[in-house]
Amino acid sequence: MGGSQKMEDGIQRGAGGRILWVFAFGKVFLYTVRTMGFDVYSIIALVLAVTVHEFCHALTANYFGDPTARHRGRLTLNPLAHLDVMGTLMLFLIGFGWGKPVPVNPHNFEHPLRDSALVSLAGPGSNIIFAILVALPYKYLTVNGGSPELAQFLRTVFDLNLILAIFNFIPLPPLDGSKMIGFFVPAHAQRSYERFLDEGIKYFVAFILIDSFVLPSILGFSLLSLFIGTFYTVLSTLILVGT
């Protein structure tokens, strides 16, 4: 890998990372379509969730000293800055789309391992916080009455933010979880960890393909759907009961 490519290997790791982000984004949306249905609420909620997710990556990276995302116009809540043109078009045409991963240069961080992990955590973490904030008006509407359309929209926003967060905690490249674990990798294993980030994408592809097309026919269910569904149930229950 060349020096220029290594300079932006935090959230986005070259063309391969971008392609896999497309795949990952689509997987989340298709899971949502299967479990929640597909309507305009889902599209708007996903755009909001992805925008907050990517903005918080950029904001946290900038806070810790890396202005790369800010210089590229990503430090904004304008969805247009985070949505890929073709990905957005596909989202509206076929219900399958993708966003643009945030470029991060960990060499600008004072503590590269710690700060890279926190930048990665900021994305799914922001989605969980977003879900908590949405849960308050949602519960008010369901308890005290109000617009059923607004309640449905808020529930869709709530659900999608949790699903996106849980999916990104999976520790496989290019998902955020793969960078979070870097903080816990001992110094002598850092080179192997870097290879994992660069080459682990193929394992992610294999996992998604097997989980989508092989396991359902053998086991009758998807491990990914089981994983997301289980943690969604736990998280959503904790949030809705605790708010």
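Parameters at a glance
Residues numbered from 1 in each chain as written. Predicted model: local features only at pLDDT ≥ 70, side-chain atom pairs only at ≥ 80, totals over all residues. Heavy atoms only, no water. Helix = DSSP H or I, 4+ residues; strand = E, 2+ residues; numbered from the N terminus. Expected span 1.5 Å × (residues − 1). Bend = angle between axes of the 7 residues up to and from the residue. Buried < 20%, exposed > 50% of the residue type's maximum accessible area, 1.4 Å probe, protein only. Core = buried A, V, L, I, M, F, W, Y, C linked by side-chain atoms within 4.5 Å. Salt bridge = Lys/Arg side-chain N within 4 Å of Asp/Glu carboxyl O. Axes fitted to C-alpha atoms, helices over the stretch in contact; angles between N-to-C directions. Parallel < 35°, antiparallel > 145°, perpendicular 65-115°, else oblique. Left-handed = near helix turned anticlockwise from the far one by under 90°. Contact = heavy atoms within 4.5 Å. Nonpolar A, V, L, I, M, F, W, Y, C, P; charged D, E, K, R; others polar.

1. Overview of helix H10 (residues 201-218)
The terminal C-alpha atoms of H10, which comprises 18 residues, lie 24 Å apart, in line with the 26 Å expected from a rise of 1.5 Å per residue. The principal kink in H10, of about 45 degrees, is found at Asp211. Within H10 the residues assigned to the buried category are Ile201, Phe204, Ile208, Asp211 and Leu215. One or two residues past the end of H10 sits Gly220, with phi positive at roughly 85 degrees.

2. Digging into the nonpolar core
Formed by 37 residues in total, the largest nonpolar core has its most connected members in Phe158, Leu162 and Phe167. Where this core is concerned, the elements lending two or more residues are helix H3 (40-63), helix H6 (112-144), helix H7 (148-168), H10 and helix H11 (223-242). Residues Ala58, Phe64, Ala69 and Phe109 belong to the second largest nonpolar core, which totals 8 residues.

3. Quick notes on the pattern of salt bridges
A complete count under the given rule lists 2 salt bridges for this structure. A salt bridge links Arg155 to Asp159; its shortest N-O distance comes to 3.0 Å. With Arg155 and Asp159 both in helix H7, this residue pair falls 4 residues apart, about one helical turn. What makes Arg155 partly exposed here is its relative accessible area of 23%.

4. Considerations on the packing of H3 against H6
It is at 8 Å that the axes of H3 and H6 come closest, and there the two elements cross at 140 degrees. It follows that H3 is oblique to H6 by the angle criterion. When you trace H3 past H6, the crossing you get is right-handed. Taken together, the residues of H6 that come into contact with H3 (itself represented by Leu48, Ala49, Val52, His53, Cys56, His57, Thr60 and Ala61) are Leu118, Val119, Ser120, Ala122, Gly123, Pro124, Ser126, Asn127 and Phe130. Tallied by class, residues from the contact of H3 with H6 come to 10 nonpolar, 7 polar and no charged.

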